[in-house]
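# Survey of secondary and tertiary structure
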Amino acid sequence: MRGDSVNANHMNSQKNPSESLSADVIVIGAGAVGSLMAWQLASQGANVLILEAGPRIDRASAAQNFYDSAVKGPNAPYPSQTYAPHPMDAHDYMVQAGPQVFGGSFMRAVGGTTWHWTGFSTRFRPDDFKTRSLYGVGQDWPLAYEDLLEHYLFIEREWGTTGDNAFDQGGPRHGKPFPLPPVPMTYADKLIRDALAPLGYSVGPFSHARNSEPFDGRPPCCGSASCVPICPIGAKYDASVHVAKAEAAGARLLAQTLVEHIEVGADSLIQGVRIRRADGSRTTARAKLYVLAAHAIETPNLLLRSAQPHAPQGVANRSDAVGRYLMGQVDLDTRALTRQPLYTYRAPTTTAGILELRDGPVRKEHAAIGTSFLNRGWRTGLGPMQRSAHLIKAGLRGSELTAALNDQCARELAINSSVETLPMAHNRVQPDPELRDSSGMPRPRVSFTVDEYSLRAIEKARQRHNDITKALGCTDVVSDEPSVATAIIAGTARMGTDARQSVVDPWCRSHDHANLFVVGTANFPTMPINAPTLTAAALGMRALPALRKDLSTGRFAAVA
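Residues numbered from 1 in each chain as written. Predicted model: local features only at pLDDT ≥ 70, side-chain atom pairs only at ≥ 80, totals over all residues. Heavy atoms only, no water.

## Description of the overall build of the chain
Secondary structure summary: the chain contains 12 helices and 16 strands in total. Rg of the C-alpha trace for the chain: 23 Å, near the compact-globule value of 24 Å for 560 residues, within the 12% margin. Put simply, the chain has 560 residues, and 61% of those count as buried. At a minimum sequence separation of 6, the contacts of the chain that also span at least 24 residues come to 74%. Of the accessible surface of the chain, which amounts to about 20900 Å², a share of 51% is contributed by carbon and sulfur atoms. Taking the 57 positively charged and 53 negatively charged side chains of the chain as two groups, their mean positions are separated by 1 Å. (Helix = DSSP H or I, 4+ residues; strand = E, 2+ residues; numbered from the N terminus. Rg over C-alpha atoms; globule rule 2.2 N^0.38 Å. Buried < 20%, exposed > 50% of the residue type's maximum accessible area, 1.4 Å probe, protein only. Contact = heavy atoms within 4.5 Å. Areas by Shrake-Rupley, 256 points an atom, 1.4 Å probe, with all protein chains shown as cover. Lys, Arg positive; Asp, Glu negative; His and termini not counted. Charge placed at Lys NZ, Arg CZ, Asp CG, Glu CD.)

Quick look at the structure:
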């Protein structure tokens, strides 16, 4: 159905919470991958129901939340909701079982974590898919770079990816240019590039899902430097764009709708999902096919807490791999004052980085390293306030205070290096057996150890930071302790060809339940240094022909 009848059905489904919900396809999660898949399926005539635990986001209200926040963290614009909580810090939602703290940051909302992502639209490199074969570490993927190439191109066009065709960040474009002109490197990027050239470091620009010119009804970037946690004008892509397109194509969205449990039948097929709305009302939604796109923390939590007679170890978990092989990135951050002004606090959060050590034979010895420079200054919105407080305590007032504040803020250098972590079975997410979140669901219990492979890379990154600060004649140099405090979260439902060791096949179909697809960064066998969102979305696009074939052939019976 299309047109006014679709809108009427959508409105009625919102007004009648006790109705029996059914569809051809149920998509759980309205983030980067779920939104694109829902849009594509609905555009080709499928009856699609999107279930999202979190709320719709009003951009103006979220920007005000960020302005009012005393913390300015990644989720500052997006308060955690009692009916669908998400982490506001490392300890308030996830249960840290140690030995290291896994400070993963994600959110539940229509549009998902793309609301606060940096906006990098980078492909993985060909070698990233075969690190075991090439470097003797990690795990080879059951597919190659070429298998995702057409999907990369499609999503880049949809997002309006900007980039400099001379800098592909290791992902060959085979003569296909970026859809939009590049976001330019900043004055700071160029000053740093020139200072580091004698040391043998090369600095190049990144590609972005961020408009460099008007595109798809969204404006060009205004350079607010607040991309993490919010783009105030919508120049940076977020998945609410494709949620809206999915709805326009006829998909139904139920926001504030938490999936509590997945039902499995005696035939091992998914029979339905039990849902609860924010008002506490419950019902069951049924479909022919199910797409679980709920992020690498919530996906295993839901699958494992849905243990039942026909799935005693949890849904999709005969391999005992669900929740295992959790990966993130280890961060090293350094702050300093440069000799010359950099003029930070303008432009997107990050526009360029060092090209060396992101790939190559060094990965036999230590993890890949990605080093970039942050245009947001030392502490995003908190930096100038903290600096002015320090200067006031030092006795400065009036014009003298203003001059010192302007001078020092303009010279703030912030360096970040992130290093990859290896897939380890003991790094995992499980539903906590005792602790419950505000919605009454088990909190995700995270066990994580940083491997020696990653720690060796951190020491290389530390040496690199020292080189940079010396080359720029820096003072007031401070480096934080390495931490896993990242929005890059992967593993926990890995793909593979062996059903005894993986959760889904190379097309994201569950080995255990033929009508269940699990998508997102949870599928990743490894988590390289390039940003993951584009590859996660490409995997979802690659899964679509299998879903369409199942629907067209009537492989699974219609639901009641």
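That was the structure; now back to the text.
## Things to note about the sheet that holds strand β10 (residues 350-354)
In spatial order, the strands read β4-β10-β11-β12-β9-β15; together these 6 strands make up an open sheet with antiparallel pairing. With partners counted over all chains shown, the strands left at the sheet margins are β4 (203-205) and β15 (475-479), one partner each. Between one strand axis and the next, the sheet turns by 25° as a mean value, whatever way the strands run. Examined bridge by bridge, strand β9 (residues 329-337) and strand β12 (residues 412-420) share 9 bridges and lie antiparallel to one another. Bridge pairing in β12 links Val330 to Val419. Those strands touched by helix α11 (residues 452-471) are β9, β10, β11 (369-374), β12 and β15, and its axis lies near 160° from that of β12. (Pairing = 2+ DSSP bridges. Axes fitted to C-alpha atoms, helices over the stretch in contact; angles between N-to-C directions.)

## Thoughts on the state of the cysteines
Applying the stated criterion to the full structure yields 0 disulfides. Cys222 provides the cysteine sulfur closest to Cys231, a residue in no disulfide bond, and the two sulfurs are 6.1 Å apart. (Disulfide = S-S within 2.5 Å.)

## A short note on the sheet that holds strand β3 (residues 95-99)
Taken together, the 3 strands give an open sheet; going across it, the order is β3-β14-β13, and neighbouring strands pair in mixed fashion. Since the sheet does not close on itself, it has two edges, and those belong to β3 and β13 (428-436), each with one partner. Mean inter-strand twist for the sheet, computed between neighbouring axes without regard to direction, equals 30°. Across the sheet, helix α8 (residues 295-305) lies against β13 and β14 (442-448), angled at about 65° from β13, the strand it touches most.

## A word on the packing of aromatic side chains
What characterises a pair of aromatic rings is the spacing of the ring centres plus the angle enclosed by the ring planes. For the structure shown, the criterion picks out 14 aromatic pairs. Pairing Tyr145 with Tyr152 gives two aromatic rings, centres 5.9 Å apart and planes at 50°, and the pair type is tilted. For the residue pair Tyr145 and Tyr152, the accessibility class agrees, reading buried in each case. Among the aromatic residues, ring-to-ring pairing joins Phe124, Phe129, Trp141 and Phe524 into one connected group. It is Arg173 that lies over the ring of Phe178; its NZ or CZ is 3.9 Å from the centre. Positioned above the aromatic ring of Tyr325, the side-chain terminus of Arg494 is 3.7 Å from the ring centre. (Phe/Tyr/Trp six-rings, centres within 6.5 Å; stacked < 30°, edge-to-face > 60°. Lys NZ or Arg CZ within 6 Å of the ring centre and 35° of its normal.)

## Focus: the pairing of strand β2 (residues 48-51)
Taken residue by residue, a regular strand's side chains alternate between the two faces of the sheet. The two faces of β2 match: Val48 and Ile50 on one face and Leu49 and Leu51 on the other face are all buried. Sheet analysis places strand β1 (residues 21-28) next to β2, joined by 4 bridges and oriented parallel. Along β2, the bridge assignment pairs Val25 with Val48. In this fold, the crossover linking β1 to β2 by way of helix α2 (residues 32-43) has right-handed handedness. In terms of strand pairing, β2 meets strand β5 (residues 252-254) through 3 bridges, oriented parallel. Paired with Ile50 across the strands is Leu253, a residue of β5. (Right-handed = clockwise from strand over helix to strand, strands pointing away.)

## Observations concerning the packing of α2 against helix α5 (residues 145-159)
Packing of α2 against α5 brings their axes to within 13 Å, and their N-to-C directions diverge by 95°. Taken together, α2 and α5 sit at an angle that is classed as roughly perpendicular. For the pair formed by α2 and α5, the contact residues are Leu36, Trp39 and Gln40 on the first element and Phe154, Ile155, Glu158 and Trp159 on the second. Residue classes in the contact of α2 with α5 are distributed as 5 nonpolar, 1 polar and 1 charged. (Parallel < 35°, antiparallel > 145°, perpendicular 65-115°, else oblique. Nonpolar A, V, L, I, M, F, W, Y, C, P; charged D, E, K, R; others polar.)

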